[in-house]
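Topology and contacts: notes
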Amino acid sequence: MVDLAAEPVLEITGLVKTFGALRATDGVTLDLRPGEIHALIGPNGAGKSTLIHQICGTLRQDGGTIRFAGQDISRTGVAERARLGLGRTFQVSSLAPEFSALRNVMLAVQAKAGSSFRFFKPVMRDRSLLDTAMAMLERVGLAGRADIAAAELSHGERRQLEIAIALALGSKAFLLDEPMAGMGPEGSKRLTGFLDGLRHQAPILLVEHDMDAVFALADRISVLVYGRVIATGTVDEIRRDPAVRTAYLGDHA
Ligand SMILES: Nc1ncnc2c1ncn2[C@@H]1O[C@H](COP(=O)(O)OP(=O)(O)OP(=O)(O)O)[C@@H](O)[C@H]1O
Ligand SMILES: [Mg+2]
């Protein structure tokens, strides 16, 4: 159970974003608590991705505030938000496809540590770098795939590797925009199991259309329709909510 009395890791208040006449984000207020998976669902074009972009800073809001890890980041740049520990939504391009899973993580560990690792050593022979990277792979369940090139990993494994890299870079919360997209039922099931454990390392704001995954994972669900949160609640509360059933869930409920 999520402790709703705990200080939120991420707190969004009255966020507004307009594109011309369209209010893509229309006064959104929501938060993410320690250990929580908070799912954000809603029809196509509801403004889910637009919201994620504003949180990571790739889009600037027109109004409202965003607080993360105890500070106001409403005007903070993308790189600084990432440095503060806001794990970006999946970016497959962040992987070096020809490098092994281990090497990919080592590069991230090295980037994070900067000069505290001795660069004159061949990277693959630096023991502490190797151990730290291996520990990250273990945390995401990829230790057995350390030597496999990123390009050879399955879709789901690549996502796990991206998470390992984000953890190595010091992510304190994850913003995941449709991580199950393009996966078969087996892959979705495996990624669901993985995300289930990940919440204890860093809470997750999860945008997802796969309702099996959402219902299995979410501590709370917020439903976004035309840029507005029409309901926030537990899985049961959301499934029972007549307005949500009309606007989005239909047969899923
Ligand atoms: N850069 C932009 N310029 C103009 N309109 C935009 C821009 N980005 C998004 N929109 C519009 O804002 C609305 C919200 O789009 P958004 O991509 O956030 O929806 P979504 O909830 O992520 O949908 P989906 O479930 O299909 O991914 C849509 O009407 C979209 O056309
Ligand atoms: Mg989207």
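What you see is a predicted model; the values in this text were computed from it and never measured.

The next subject is the sheet that holds strand β3 (residues 37–41). Ordered by their spatial adjacency, 6 strands build an open sheet running β6-β7-β8-β3-β9-β10, and the pairing between neighbours is mixed. Unpaired on one side and paired on the other, β6 (86–87) and β10 (228–233) mark the two borders of the sheet.

With respect to spatial proximity, 13 residues lie near ligand 1, and among them Asn44, Gly45, Lys48, Thr50 and His209 are the closest. The backbone of Gly47 places a nitrogen or oxygen atom 2.9 Å from an oxygen atom of ligand 1. The side chain of Glu178 places a nitrogen or oxygen atom 3.5 Å from an oxygen atom of ligand 1. Isolated, ligand 1 exposes 640 Å² of accessible area, and the fraction of that covered by the protein chains is 58%.

Further remarks concern helix α1 (residues 48–56). With respect to burial, α1 is a largely interior element, 7 of its 9 residues being buried. When we look at burial in α1, the residues that qualify are Lys48, Thr50, Leu51, Ile52, Gln54, Ile55 and Cys56. Among the residues trailing α1, Gly57 stands out with phi positive, at a value near 100°.

What follows is about the nonpolar core. Val105, Leu137, Leu161, Phe174 and Leu195 are the most contacted members of the largest nonpolar core, which has 38 residues in total. Counting only elements with at least two residues in this core, the list comes to α3 (101–113), α4 (127–139), α5 (155–168), β7 (173–177), α6 (185–198), β8 (204–207) and α7 (211–217). Here the element with the most residues in this core is α5; it accounts for 7 residues. Residue assignment places this core across two domains, with domain 1 (1–84 + 203–253) and domain 2 (86–171) each supplying three or more. Beyond its immediate sequence surroundings of up to four residues, Leu161 is in contact with Leu95, Ala101, Asn104, Val105, Leu137, Leu142, Ala150 and Leu153.

Attention now goes to the domain arrangement of the chain. Size of an interface: often given as the accessible area lost when the parts come together. For the chain, the assigned domains are domain 1 (1–84 + 203–253) and domain 2 (86–171). One C-alpha centre belongs to domain 1, the other to domain 2; they are set 28 Å apart.

Moving on, we get to the pairing of strand β9 (residues 220–225). With 6 of 6 residues buried, β9 lies mostly within the body of the structure. A two-sided burial pattern is seen for β9, the buried positions comprising Arg220, Ser222 and Leu224 on one face and Ile221, Val223 and Val225 on the other. Taken together, the 5 bridges between β9 and β10 define a ladder with antiparallel strand orientation. For Leu224, the partnering residue across the bridge sits in β10 and is Val229.

Procedures and definitions
- Residues numbered from 1 in each chain as written.
- Chains lettered and ligands numbered in written order.
- Predicted model: local features only at pLDDT ≥ 70, side-chain atom pairs only at ≥ 80, totals over all residues.
- Heavy atoms only, no water.
- Pairing = 2+ DSSP bridges.
- Helix = DSSP H or I, 4+ residues; strand = E, 2+ residues; numbered from the N terminus.
- Near = heavy atom within 4 Å.
- Polar contact = N/O pair within 3.5 Å; in protein donor to acceptor, adjacent residues only side chain to side chain.
- Areas by Shrake-Rupley, 256 points an atom, 1.4 Å probe, with all protein chains shown as cover.
- Buried < 20%, exposed > 50% of the residue type's maximum accessible area, 1.4 Å probe, protein only.
- Core = buried A, V, L, I, M, F, W, Y, C linked by side-chain atoms within 4.5 Å.
- Domains from an automatic or database assignment.
- Contact = heavy atoms within 4.5 Å.

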